[in-house]
Amino acid sequence: MNMQTIKADIAIIGSGVGGSAVAHQLVGSGAKVLILERGDFLPKEPQNSDAEAVFLQARYKTRDTWTDAEGKSYRPGQYYYVGGHTKFYGTAMFRFRESDFREAVIGSESSPEWPISYEDLAPFYAKAEAIYGVRGQAGLDPTDPPREAFPHAPIPHEPVIARLAARLAAQGLHPFHMPSAIDYGGACVRCGTCDAFPCSIDAKGDAEIRVLRPLLKHSDLRLERRTEVTRLIADGPRIVAAEVRRDGEQLRVEARTFVLSAGAINSALILLRSACEAAPEGLANRSGVVGRHLMNHHLTGLMGVHPLRRNETKFPKTLSVNDFYHGLSDDPDARGNMQMLGNIRGEMIRSAYPATPRIVADWLGRHSVDVLAMSEDLPNPESRVRLRGDSVEIDYRPGGLPAHERFVAHVRGVLQRAGFPLVLRHRFGIEAPSHQCGTVRMGTDPRSSALDALCRAHDHPNLYVVDAGFFPSSAALNPALTIAAQALRVGAHLRTI
Ligand SMILES: Cc1cc2nc3c(=O)[nH]c(=O)nc-3n(C[C@H](O)[C@H](O)[C@H](O)COP(=O)(O)OP(=O)(O)OC[C@H]3O[C@@H](n4cnc5c(N)ncnc54)[C@H](O)[C@@H]3O)c2cc1C
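About the thresholds
Residues numbered from 1 in each chain as written. Predicted model: local features only at pLDDT ≥ 70, side-chain atom pairs only at ≥ 80, totals over all residues. Heavy atoms only, no water. Helix = DSSP H or I, 4+ residues; strand = E, 2+ residues; numbered from the N terminus. Expected span 1.5 Å × (residues − 1). Buried < 20%, exposed > 50% of the residue type's maximum accessible area, 1.4 Å probe, protein only. Contact = heavy atoms within 4.5 Å. Near = heavy atom within 4 Å. Polar contact = N/O pair within 3.5 Å; in protein donor to acceptor, adjacent residues only side chain to side chain. Areas by Shrake-Rupley, 256 points an atom, 1.4 Å probe, with all protein chains shown as cover. Nonpolar A, V, L, I, M, F, W, Y, C, P; charged D, E, K, R; others polar. Pairing = 2+ DSSP bridges. Phe/Tyr/Trp six-rings, centres within 6.5 Å; stacked < 30°, edge-to-face > 60°. Lys NZ or Arg CZ within 6 Å of the ring centre and 35° of its normal. Lys, Arg positive; Asp, Glu negative; His and termini not counted. Salt bridge = Lys/Arg side-chain N within 4 Å of Asp/Glu carboxyl O. Core = buried A, V, L, I, M, F, W, Y, C linked by side-chain atoms within 4.5 Å. Axes fitted to C-alpha atoms, helices over the stretch in contact; angles between N-to-C directions. UniProt positions renumbered as here; feature names shortened; annotations may be inferred. Right-handed = clockwise from strand over helix to strand, strands pointing away.

(A) Molecular detail of helix α9 (residues 401-417). Between its first and last C-alpha, α9 extends 24 Å over 17 residues, near the 24 Å set by a 1.5 Å rise per residue. Inspection of α9 places Ala403, His404, Phe407, Val408, Val411, Gly413, Val414 and Leu415 among the buried residues, and these make up the whole buried set. Next to the buried residues of α9 lie α4 (159-170), β14 (298-305), β16 (337-340), β17 (368-375) and β20 (422-428). Remark: Gly419 follows α9 within two positions and exhibits a positive phi of approximately 110°.

(B) Representation of the site of the ligand within the structure. Near the ligand lie 37 residues; those nearest to it are Glu37, His85, Gly90, Ala92 and Ala480. A distance of 2.6 Å separates an oxygen atom of the ligand from a polar atom in the side chain of Glu37. Within the contact set of the ligand, an oxygen atom lies 3.0 Å away from a backbone nitrogen or oxygen of Tyr81. Protein contacts shield 94% of the accessible area of the ligand, which totals 1,000 Å² for the unbound molecule. Secondary-structure elements contributing two or more residues to the shell around the ligand are α1 (17-26), β10 (227-235), α6 (264-273) and α10 (480-495). Counting residues per element, the shell around the ligand draws most heavily on β10, which supplies three residues. Partitioned by chemical class, the residues of the shell around the ligand number 16 nonpolar, 16 polar and five charged.

(C) Fine view of the pairing of β16. By the alternation rule, side chains of β16 split into Asn337 and Gln339 and Met338 and Met340, which are all buried. Bridge count between strand β15 (residues 319-321) and β16: two bridges; the pairing is antiparallel. Within β16, the position partnered with Val321 by the bridge is Met338. Alignment of β16 against β17, held across four bridges, turns out to be antiparallel.

(D) A look at the packing of aromatic side chains. All told, the structure shown has 16 aromatic pairs when counted by the stated rule. When the ring of Phe55 is compared with that of Phe197, the centres are 5.2 Å apart and the planes differ by 85°; the resulting orientation is edge-to-face. Remark: Phe197 occurs in the loop between β8 (176-177) and α5 (207-215) and Phe55 occurs in helix α2 (residues 51-56); sequence separation between them is 142 residues. Each member of the pair, Phe55 together with Phe197, is buried. Measuring from ring centre to ring centre gives 6.2 Å for Phe94 and Phe176, while their planes differ by 90°; the resulting arrangement is edge-to-face. Placement of the pair is Phe94 in the loop between β5 (73-74) and β6 (104-106) and Phe176 in strand β8, with a sequence separation of 82 residues. For Phe94, a relative accessible area of 2% puts it in the buried group. Three or more aromatic residues link up through ring pairs in this structure, and these residues are Phe96, Phe101, Trp114, Tyr118, Tyr125, Phe470 and Phe471. Its end group placed over the ring of Phe41, Arg213 keeps NZ or CZ at 4.5 Å from the ring centre.

(E) View of the side chain of Asp377. Examined against the element boundaries, Asp377 turns out to sit in the loop between β17 and β18 (384-388). With no salt bridge to any partner, buried Asp377 finds its closest opposite charge in Arg427, at an N-O distance of 6.6 Å. A polar contact is formed between the side chain of Asp377 and the backbone nitrogen of Asn296, at a distance of 2.8 Å. Among the polar contacts made by the side chain of Asp377, one reaches the main-chain amide nitrogen of Gly399 at a distance of 2.9 Å. If we skip the residues at most four places from it in the chain, Asp377 touches Leu294, Met295, Asn296, His297, His298, Tyr396, Pro398, Gly399, Ser474 and Ala475.

(F) Layout of the side chain of Asn343. Positionally, Asn343 belongs in the loop between β16 and α7 (346-352). A distance of 2.9 Å separates a polar atom in the side chain of Asn343 from the backbone oxygen of Thr313. Within the structure, Asn343 has its side chain in polar contact with the backbone oxygen of Lys314 (distance 3.1 Å). Not counting chain neighbours up to four residues away, the residues in contact with Asn343 comprise Gly192, Thr313, Lys314, Pro316, Met348 and Asp370.

(G) Spotlight on the nonpolar core. Grouped together as the largest cluster of nonpolar side chains are 93 residues, with contacts concentrated most on Tyr132, Leu232, Leu271, Leu451 and Leu463. If one sorts the elements of this core by residue count, α10 sits on top with nine residues. Excluding residues within four positions of it along the chain, Leu232 makes contact with Ile13, Ile239, Ala241, Ala242, Phe258, Ile270, Leu271, Ser274, Leu283 and Leu463. Residues Phe324, Val369, Phe420 and Val423 belong to the second largest nonpolar core, which totals 25 residues.

(H) Representation of the sheet that holds β8 in the model. Reading across from one edge, β8-β15-β16-β17-β14-β20 is the order of the six strands in this open sheet, with antiparallel pairing throughout. The sheet is open, and its two borders are formed by β8 and β20, each paired with just one other strand. As paired elements, β14 and β20 share seven bridges and run antiparallel to each other. Bridge pairing in β20 links Leu302 to Arg425. Of the strands in this sheet, β15, β16 and β17 touch α4, which is tilted by about 20° from β15. Strands in contact with helix α8 (residues 358-366) are β14, β17 and β20; relative to β14, the strand with the most contacts, it is inclined by about 90°.

(I) Here's a closer look at the UniProt feature "domain: Glucose-methanol-choline oxidoreductase N-terminal" (unreviewed entry) in the chain. Under the UniProt annotation, the feature "domain: Glucose-methanol-choline oxidoreductase N-terminal" (unreviewed entry) is placed at residues 188-297. Annotated as residues 188-297, this span is 17% helix and 29% strand, and its ends, taken at the C-alpha atoms, are 29 Å apart.

(J) Region of interest: the pairing of strand β2 (residues 10-13). Side chains Ile10 and Ile12 of β2 all project onto a buried face; the interleaved residues Ala11 and Ile13 project onto the opposite face, where all are buried too. Relative to strand β3 (residues 33-36), β2 runs parallel, the two sharing four bridges. Directly across from Ile10, in β3, lies its bridge partner Val33. With respect to chirality, the unit in which β2 leads through α1 into the neighbouring parallel β3 is right-handed.

As structure tokens, then:
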């Protein structure tokens, strides 16, 4: 039987932040660019903003199942749509700090140096902020790297958040406006369903709306939806084709260059699944690092509850604090970022704790101010994504957790001093791998990394990986802007070859 073959100059696998940024750089260069995306456009429907549908019925989550290291199977918090995870993201668009690119020792573990510096990424951070329409205010965050003004003024705090900012400042902290990619003052109507919901009015600066939609008008870009890449095929060091499944049919895609951007976990899986006689451990895997060093940040949600005060805030994600980014004064290993979470709603509480009565969950949702404490997850080679036959095993081993716990205890005290007598906590685990990274790490040494500083596979001259799999370390800030910046940098390079 003859398999249908699609040909392109550059094939990009995945239409999330990474894949769409590379397309942005290449469309118009004369190259025929093809994006292969396993998902479809996310439908616009009333359920987009229905917390019951999004959280309790998990309407948009993949139906795939993975297993943990004990063999327990679960439905991961993975979302497969054009635009990738940004369809659900919280729009926090941070640059990593200069120190995040350097080696650091935290307790008995270490955070490796990147093969690039902040200066290498700075012009691409600026470009990514312009594309995504990021709002913020430079000069308030004491850890800010050198930078120019944000493309747009920050989103103002609503009253409850402004009060919290004042109470944090009274403690000697330096709260600042969280950089955010929302069309505030334009399409945004502050509907109150943003972080973890899809936006049905296109006000969220996601990869589909801000990057792909404008590009799709160009005849040199072709987007194939519902098209899942199962494996890549190498002939010698070169990747010659991708095997693809679309609506039950098998296709072959041939291109001169392949850019893998299926998300840190899925990109590693595609490389592992592509094992062949010449590369029995998988493609790009001479070093054995593919699928290892899986990180996800330590993410602890803290609900500051005040029984007498209702919180009517619609969009709380306007405030962040980085005073502890380089450690507490008496405990330098306990460190991280503090930022507002989206509104925690009763439905979210019940989806994590099903035994909670609806009335209690709804009351907590209405009377809390919700903060995320985020610390760096340190890379561990035994923290792995594996294939077990046809099934996927996530054997996640977080690094640096005790120091995160001490940081959380400190943030809890900050919230109590800010006027919240009761602070509840919830740790987000790997079952929702929202900040997944590290599984196809870049580095200068082909013996300990899969990719070079331009995200090109050491083993394959025409294969690049531009999702968060390339991160050597996770830093302690949201990943999307750094993925976009490095992918824009890679795209600029691809334009020249
Ligand atoms: C609820 C939530 C909130 C978040 N909030 C923030 C935030 O505020 N700020 C921030 O910086 N980050 C946030 N994140 C994380 C951020 O969204 C991700 O880091 C980022 O979107 C990852 O981009 P990516 O391009 O690496 O991968 P993805 O977004 O995962 O894109 C990969 C794409 O590849 C497709 N794909 C997968 N496998 C295949 C295959 N085999 N064949 C073809 N296509 C495939 C997928 O469908 C997807 O479209 C959040 C994530 C979640 C889930």
